[in-house]
Amino acid sequence: MSRLEVSFLGSGSSGNCAVVRVNGTSVLVDAGLSMKETESRLALRGSSLDAISAIFVTHEHADHAHAALDLNRRRGIPVYASRGTAVAGGFPGPLFADVRTVAGGKELTVGDLHVRVTSTPHDGAESVCYVFADAGGRRVGIVTDLGHLSRVVLEALAGCEVLGLEANHDEDLLRSGPYPPYLKKRILSAVGHLSNESAADGLKRLVGPRTGAVVALHVSRHNNTRALAERVFREALDATGSRATLAVARHDAPTEWIGVY
Ligand SMILES: [Zn+2]
Ligand SMILES: [Zn+2]
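Scope of this entry: the structure provided in the associated data block.

Criteria and cut-off values
Residues numbered from 1 in each chain as written. Chains lettered and ligands numbered in written order. Predicted model: local features only at pLDDT ≥ 70, side-chain atom pairs only at ≥ 80, totals over all residues. Helix = DSSP H or I, 4+ residues; strand = E, 2+ residues; numbered from the N terminus. Buried ≥ 20, exposed ≤ 12 C-beta atoms within 10 Å, placed from the backbone. Contact = placed C-beta atoms within 7 Å. Pairing = 2+ DSSP bridges. Axes fitted to C-alpha atoms, helices over the stretch in contact; angles between N-to-C directions.

Next up on the list: the overall build of the chain. Summing up its helical and strand segments, the chain has 9 helices and 14 strands in all. Relative to its 261 residues, the chain shows a buried fraction of 51%. Long-range pairs, those at least 24 residues apart, make up 65% of the contacts in the chain between residues at least 6 apart in sequence.

With that settled, consider the pairing of strand β1 (residues 4-10). Extensive coverage of β1 is indicated by the burial of 7 of its 7 residues. Here 3 bridges tie β1 to strand β14 (residues 258-260), and the two strands are oriented antiparallel to one another. Bridging across to β14, Val6 finds its partner in Ile258. In the sheet, β1 pairs with strand β2 (residues 17-22) via 5 bridges, with the strands oriented antiparallel. Across the sheet, Val6 pairs through a bridge with Val20, a residue of β2. Taking the residues that link successive antiparallel strands as the turn, the β1-β2 hairpin has 6 residues, and the phi of Gly12 there is positive, at about 135°.

Further remarks concern the sheet that holds β14. The 7 strands lie next to each other as β6-β5-β4-β3-β2-β1-β14, forming an open sheet whose pairing is mixed. The open sheet is flanked by β6 (99-102) and β14, the only strands paired with a single partner. On average, adjacent strands in this sheet sit at an angle of 20° to one another, irrespective of strand direction. Bridge count between β2 and strand β3 (residues 25-29): 5 bridges; the pairing is antiparallel. Across the sheet, residue Val22 finds its bridge partner in β3, namely Thr25. Contacting β1 and β2, helix α1 (residues 35-44) crosses the sheet at an angle of about 135° to β1.

See below:
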């Protein structure tokens, strides 16, 4: 059987982009790195933009969407986004060649990947997350940029073979850190970003017997550390008895291919 796998090319406020692939189908999740950087990080993982069938944009914030136009116009890669994201991101303008609308609760297929779209609680116009499944029903679920783990998100991502979950900040570091009060308030709100602690609570409910790998995503460089996120996630995994591997995505380099056969 072929391998369903993901590499997080970059993760965090300086740019989010992941590549998910199975058989001959590869797609990007978000386009928050420059086109050049996306290309060079794909090359580090033995892939290229030529292999990419689609870009699934979660929301219009620049760290997720800023290269979508370039990739769409210059490389002809179709962009999938919710209507709200497309409008807020300026996608429907004449510059874009090919934008396709998705919505929370909808499902679609691109090549060998089945895609389930779920709404997320975030302060984008209409943010979503994506779960990708292969023909055998194995799933990669990725969710970042959410103020809390809503019921629909928990349902959509429960038991995925590979789970990428935001661990944005440590609440104490954020409260005592350098961010201005309005930004702290935004991040801590119900439509902001997931703290290590909230993510770990959710992780205990999300991992299942088939979960083989967990990746902490969107780790803040100012209000968190990779070691802290790793420790909190490790404790949550240990508490469930899960034997899933654990990785923490970086902002400046791609993870290995993480997947299941
Ligand atoms: Zn973000
Ligand atoms: Zn965002």
